[in-house]
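Take a look at the letters that make up each chain.
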There are 2 protein chains.
Amino acid sequence: VICSGGGPDTVRIVAGQYRVGVIGAGQLGQMMIGAAVALGVELHFLSEDPHDPAAQASPHHLLGAATDPDAVAALVARTDVITCEHELVDLQILAQLPTAVHPSASTLASVVDKGAMRAAIAAAGLPAPKWQIITTEDELRRALQQWPNVVAKAPQGGYDGRGLCFIRSGALSDQALNWYRQVGPELLLEPLLEITAELAVVVVRGIDGEIVVYDPVRTVQIDGQCRAVVTPHGLGTNIDRAAREIAVTVAHEIAAVGVLAVEMFVVDGQVLVNELAARPHNSGHHTLDSCVTSQFENHLRAVTGLPLGSTLATHPAAAMVNLIAVDDHTDPRILRHRGLNVDPRVRLHLYGKASRPQRKVGHVTVAGHDLTEVTAVAWQAVRALGCDDREPEAQRQVTNDH
Amino acid sequence: VICSGGGPDTVRIVAGQYRVGVIGAGQLGQMMIGAAVALGVELHFLSEDPHDPAAQASPHHLLGAATDPDAVAALVARTDVITCEHELVDLQILAQLPTAVHPSASTLASVVDKGAMRAAIAAAGLPAPKWQIITTEDELRRALQQWPNVVAKAPQGGYDGRGLCFIRSGALSDQALNWYRQVGPELLLEPLLEITAELAVVVVRGIDGEIVVYDPVRTVQIDGQCRAVVTPHGLGTNIDRAAREIAVTVAHEIAAVGVLAVEMFVVDGQVLVNELAARPHNSGHHTLDSCVTSQFENHLRAVTGLPLGSTLATHPAAAMVNLIAVDDHTDPRILRHRGLNVDPRVRLHLYGKASRPQRKVGHVTVAGHDLTEVTAVAWQAVRALGCDDREPEAQRQVTNDH
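Below: a short report on this structure. Because the structure is predicted, anything quoted here is derived from the model rather than measured.

When you go through chain A residue by residue, the secondary structure sums to 15 helices and 20 strands. The dimensions of chain A, computed from C-alpha atoms along their principal axes, are 75 × 50 × 45 Å. When each of the 402 residues of chain A is scored for burial, the buried share is 60%. Counted over contacts in chain A with a minimum sequence separation of 6, partners at least 24 positions apart contribute 62%. Positive and negative side-chain charges of chain A, numbering 31 and 44 respectively, have mean locations separated by a distance of 3 Å.

What follows is the structure in structure tokens.
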């Protein structure tokens, strides 16, 4: 890469890529900005809307769809390497780019389609829930005779509880049927499990195969959406070791470059792989405020070929809680002084999104010595910020250990 | 403040200011960007050059001089509050603005002129070196008979060793005389002291007078320029307490709002005030990587009326070393993979400036358990990044305690 620097008379060879094109411009891209500035990395975002969180905070963004070949080509033209901050991408386009793409289209193929993901997990010999793909309504009805209680998932595009439907006692309600007709005909089915806990492990893999692992965290899901993340997970060293090993194995198996988040279930003392995300992930947001190097910085280091940073925790305990808006009117920005007033340790991250019911508009993290205490402070901040308070349910989930 | 948000049909009252106009666009402004994004604060920089560190990293900047009333008025027109990231401002302009200015013109008046600063320190009854102002060459020669060894300072505009001249044995060399003729006729003289150590305390004062204090740090100055900052300072609890008290007293005395850095000398076991800076300061750069809330975030919280964040250290020890370029050719961005390769704990901050001899182009921080170890790692990174290696001198300064 040749770039000018220092004046019109000097031309320099820059080792490694430093202009990164990011497909997508949501909060994940936005949270890369601080690290990019410090590392001398120039981020260029491809955003569908100039008000997207990263677009409004960056001096470099292009308007265009992630699935528009011309828009992606324009992004390629001004950058050295391409990465994604969401998975609603066109793998055909990415596979044919004349530039480095991290993670690669083939890695993304194992992640964006839940069927392909299950197949990759099985190929790696890793434990996962049972699953089957159905492609017609008839097959769905037959499957429900075998597995009366299932979670049905759209193979692509689902996140935060979208693209997800729980069916119990084999009863295909009108509501479920309507949902199927919208997202079908292909569907991934998994039997509903007695889940002891949900875990996530964020790993970062470099271009050279170097891997760093963040401490496994416990995630609290409500209505299929991540609400809170706590560390330490308190599930013992065997579970911890198994979770780390699985995450590292998956990262190598699919040749991830950058952040890979592996979501897992604990069922009957076993760790099962649930979902993968090949990008910075909600289960790693706490790393901004409670680890030496954040997941966002390590993602940028990985995709630009820089050595990876330490994942060590800076505090014995940390709790991250998402800010989910309850209506159109309560903007946490208006209330941020109240949220910050709860405790000087409250770390506030607003995404610059307008409030809408059930929209994730930010998160808070509190780190300290005692997990119970920091979790309580984080939820208190969520309430002070006028956001959805699900502390009792979250509390019940974490304490109802089998 | 009225602002629109969420769509054309909604208009909301935002409590507190959230569009901050920053006079200056150097690295201090640049390091505010990450915190601003997270807090939902929009930064608008007034920069003299579009390649200034903060200007190139921000979607909002205006080109113009800090001393140009029209440029400042344009900044005021698009923001809710004005702050500065350097002190080369026009106090007349700031005093007459129809908007909030933090710190105020009267606070800045006690800081930008060294004579006014000494007077404010004396008025507060705080210990400082002896000083006198001279205004003619004759007065200078007379003063040198009384104090043969002095440090002479230009009353305004000096930083990083500029605007500073050491005169020994009463000998006014041709070089010193030429310097005087350039910066004079007014000059601040102080006798050269036997300095045991240099300390700095960064405090942050809110609009309501709330004050938070970062742990005092030891600073290593070479040729009048800050090269390294280490914590803990190792100078004992009496010095520590005195340093904190002095910094808090000064902040209240001059009604600072935002960061106030107080640089101090330890002489014969006494703490003396040396310099003040009413903005984020080099002696607080480590807070980005070794405290719960950085000085940059707390500055923004203060000037926007938000509660201040915790200043607690996240590690027992931290060392910050400046990256000083040695020539025009060695760009630390080119070598950043080598610098990061030194240790996964190396925190790299590049300012996006072209290299020039003796130019500060970035800094590194390493935090950990043992100060000797993290300091050695930080200097190793400086060497790997091709920057000026003054480890032996820095080492000698820190260990030559009386």
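And the narrative resumes.
Right, let's get into the relation of the copies chain B and chain A. Relative to chain A, chain B is turned by 180° and slid 0.0 Å along the rotation axis, the superposed coordinates differing by an RMSD of 0.0 Å. Both chain copies can therefore be described as sitting about a two-fold axis. Interface overlap between copies: 98% of the residues of chain B at the interface are likewise at the interface in chain A, consistent with a symmetric, same-surface contact.

Turning to the pattern of salt bridges, a few remarks are in order. Residue and element names in this part refer to chain B. According to the stated counting rule, one finds 42 salt bridges over all chains in the structure shown. For the salt bridge of Lys153 with Glu190, the shortest nitrogen-to-oxygen distance reads 3.6 Å. Remark: Glu190 occurs in strand 11 (residues 187-191) and Lys153 occurs in strand 9 (residues 150-153); sequence separation between them is 37 residues. Taken as a pair, Lys153 and Glu190 share a single burial class, namely buried. In this structure, the salt-bridge partner of Arg347 is Asp289, at a minimum N-O distance of 3.0 Å. Of the two residues, Arg347 sits in strand 19 (residues 347-350) while Asp289 sits in helix 11 (residues 287-290), which places them 58 residues apart along the sequence.

Moving on, we come to the state of the cysteines. Each disulfide is one covalent bond, formed between the sulfur atoms of two cysteines. Residues and elements named next belong to chain B. Evaluated as defined, the whole model comprises zero disulfides over all chains. Cys226 supplies the cysteine sulfur nearest to Cys291, a cysteine that is in no disulfide, at a spacing of 15 Å. We classify Cys291 as buried; its relative accessible area is 11%.

Let us now look at the nonpolar core. One finds Leu43(A), Leu323(A), Val364(A), Leu43(B), Leu323(B), Leu348(B) and Val364(B) to be the most contacted residues of the largest nonpolar core, which totals 96 residues. Not counting chain neighbours up to four residues away, the residues in contact with Val364(B) comprise Ala319(B), Met320(B), Val321(B), Leu323(B), Val346(B), Arg347(B), Leu348(B), Ala378(B), Ala381(B), Val382(B) and Leu385(B).

It is worth spelling out the packing of aromatic side chains at this point. Two aromatic rings, taken as a pair, are described by how far apart their centres are and by the angle between their planes. Applying the stated criterion across every chain, the model contains zero aromatic pairs over all chains. Over the face of the ring belonging to Tyr18(B) we find Arg333(A), whose NZ or CZ atom lies 4.0 Å from the ring centre.

So, about the side chain of Thr287(A). Note that Thr287(A) resides in helix 11 (residues 287-290). Those residues in contact with Thr287(A), other than ones at most four positions away along the chain, are Tyr214(A), Thr293(A), Ser294(A) and Gln295(A).

The subject of this paragraph is the sheet that holds strand 11 (residues 187-191) of chain A. Within a sheet, adjacent strands bond to each other through the backbone by hydrogen bonds, running parallel or antiparallel. All names here are of chain A. The strand order across the open sheet formed by four strands is 8-11-9-10, and the pairing between neighbours is antiparallel. Single-partner strands in this sheet number two, and they are strand 8 (132-134) and strand 10 (164-167). Within the sheet, the average angular offset between the axes of one strand and its neighbour, ignoring direction, is 30°. Direction of pairing for strand 9 (residues 150-153) relative to strand 10: antiparallel, over a ladder of four bridges. Looking across to strand 10, one finds that Lys153 is bridged to Leu164. Across the sheet, helix 8 (residues 137-146) touches strand 8, strand 9, strand 10 and strand 11, and the angle it forms with strand 8 is around 145°. Seen against the sheet, helix 9 (residues 174-183) touches strand 8, strand 9, strand 10 and strand 11 and runs at an angle of roughly 145° to strand 10.

It is worth spelling out the sheet that holds strand 7 (residues 100-101) of chain A at this point. Residue and element names in this part refer to chain A. Strand order in the open sheet formed by five strands is 5-4-3-6-7, with parallel pairing between adjacent strands. Across the chains shown, the open sheet's two edge strands, defined by having one partner strand only, are strand 5 (61-63) and strand 7. Here five bridges tie strand 3 (residues 19-23) to strand 4 (residues 42-47), and the two strands are oriented parallel to one another. Considered in strand 4, the bridge of Ile23 is made with Leu46. The strands touched by helix 4 (residues 69-77) are strand 3, strand 4, strand 5 and strand 6 (81-84); relative to strand 4, the strand with the most contacts, the crossing angle is about 175°. Against the sheet, helix 12 (residues 295-303) makes contact with strand 3, strand 4 and strand 6, and its axis sits at roughly 145° relative to strand 6, the strand it touches most.

Attention shifts here to the packing of helix 8 (residues 137-146) of chain B against helix 9 (residues 174-183) of chain B. All names here are of chain B. Where helix 8 contacts helix 9, the axes come no closer than 12 Å and their chain directions differ by 135°. Relative to helix 9, the element helix 8 lies oblique. Here the hand of the crossing between helix 8 and helix 9 comes out right-handed. Across the interface between the two elements, Glu137, Leu140 and Arg141 of helix 8 pack against Leu177, Tyr180 and Arg181 of helix 9. Residues belonging to the contact of helix 8 with helix 9 are distributed by class as follows: three nonpolar, no polar and three charged.

The interface is formed by 49 residues belonging to chain B together with 48 residues belonging to chain A. With both chains or domains summed, chain B and chain A bury close to 4,100 Å², and 55% of this area falls on carbon and sulfur atoms. At the boundary of chain B with chain A, the tally comes to two salt bridges. The partner of Glu297(A) in a salt bridge is Arg347(B), and the shortest N-O contact between them spans 2.7 Å. Across the chain B-chain A interface, the total number found is 12 residue pairs in polar contact (both at pLDDT 80 or more). The greatest single-element share of the side of chain B that touches chain A, amounting to five residues, is contributed by helix 2 (residues 33-39) of chain B. For the side of chain B that touches chain A, the per-class residue count stands at 23 nonpolar, 17 polar and nine charged.

Our focus in this paragraph is helix 12 of chain A. Residues and elements named next belong to chain A. Of all nine residues that make up helix 12, nine are buried, and the element is covered over most of its length. Among the residues of helix 12, Gln295, Phe296, Glu297, Asn298, His299, Leu300, Arg301, Ala302 and Val303 are the ones counted as buried. Trailing helix 12 by a residue or two, Gly305 shows a phi angle of about 75°, which is positive.

Residues and elements named next belong to chain B. The alternating pattern of strand 9 places Val150 and Ala152 and Val151 and Lys153 on opposite faces, both of which are buried. Bridge count between strand 9 and strand 11: four bridges; the pairing is antiparallel. Bridging from a neighbouring strand, Ala152 pairs with Leu189 of strand 11.

A separate point is the environment of Arg19(A). All names here are of chain A. If you trace the backbone, Arg19 turns up in strand 3. Accessibility expressed as a relative area gives 24% for Arg19, which makes it partly exposed. If we ignore the near neighbours within four places in the chain, the residues touching Arg19 are Glu42, Arg78, Thr79, Asp80 and Val81.

Looking at the element boundaries, Val76(B) is found in helix 4 (residues 69-77). Contacts of Val76(B), omitting those with residues within four sequence positions, involve Ile82(B), Leu97(B), Pro98(B) and Thr99(B).

The next thing to look at is the pairing of strand 3 of chain A. Residues and elements named next belong to chain A. The element strand 3 is largely enclosed, with a buried count of four among its five residues. In terms of strand pairing, strand 3 meets strand 6 through four bridges, oriented parallel. Its bridge partner being in strand 6, Ile23 is matched across the sheet by Cys84.

A few words on helix 6 (residues 105-112) of chain B. Within helix 6 of chain B, six of the eight residues are buried, leaving the element largely enclosed by the surrounding structure. Taken residue by residue, helix 6 of chain B has Ala105(B), Thr107(B), Leu108(B), Ser110(B), Val111(B) and Val112(B) as its buried positions.

As a further point, take the packing of helix 6 (residues 105-112) of chain A against helix 7 (residues 114-123) of chain A. Residue and element names in this part refer to chain A. The interhelical angle for the contact between helix 6 and helix 7, taken along N-to-C directions, is 100°, at an axis separation of 5 Å. Accordingly, the angle class assigned to the pair helix 6 and helix 7 is roughly perpendicular. Packed against helix 6, whose contacting residues are Ala109, Ser110 and Val112, the element helix 7 presents Lys114, Ala116, Met117 and Ala120 at the interface. Here the contact of helix 6 with helix 7 is built from residues that sort into five nonpolar, one polar and one charged.

Criteria and thresholds
Residues numbered from 1 in each chain as written. Chains lettered and ligands numbered in written order. Predicted model: local features only at pLDDT ≥ 70, side-chain atom pairs only at ≥ 80, totals over all residues. Heavy atoms only, no water. Helix = DSSP H or I, 4+ residues; strand = E, 2+ residues; numbered from the N terminus. Buried < 20%, exposed > 50% of the residue type's maximum accessible area, 1.4 Å probe, protein only. Contact = heavy atoms within 4.5 Å. Lys, Arg positive; Asp, Glu negative; His and termini not counted. Charge placed at Lys NZ, Arg CZ, Asp CG, Glu CD. Least-squares fit on C-alpha atoms with pLDDT ≥ 70 in both. Salt bridge = Lys/Arg side-chain N within 4 Å of Asp/Glu carboxyl O. Disulfide = S-S within 2.5 Å. Core = buried A, V, L, I, M, F, W, Y, C linked by side-chain atoms within 4.5 Å. Phe/Tyr/Trp six-rings, centres within 6.5 Å; stacked < 30°, edge-to-face > 60°. Lys NZ or Arg CZ within 6 Å of the ring centre and 35° of its normal. Pairing = 2+ DSSP bridges. Axes fitted to C-alpha atoms, helices over the stretch in contact; angles between N-to-C directions. Parallel < 35°, antiparallel > 145°, perpendicular 65-115°, else oblique. Left-handed = near helix turned anticlockwise from the far one by under 90°. Nonpolar A, V, L, I, M, F, W, Y, C, P; charged D, E, K, R; others polar. Buried area = accessible area lost by both parts, 1.4 Å probe. Polar contact = N/O pair within 3.5 Å; in protein donor to acceptor, adjacent residues only side chain to side chain.

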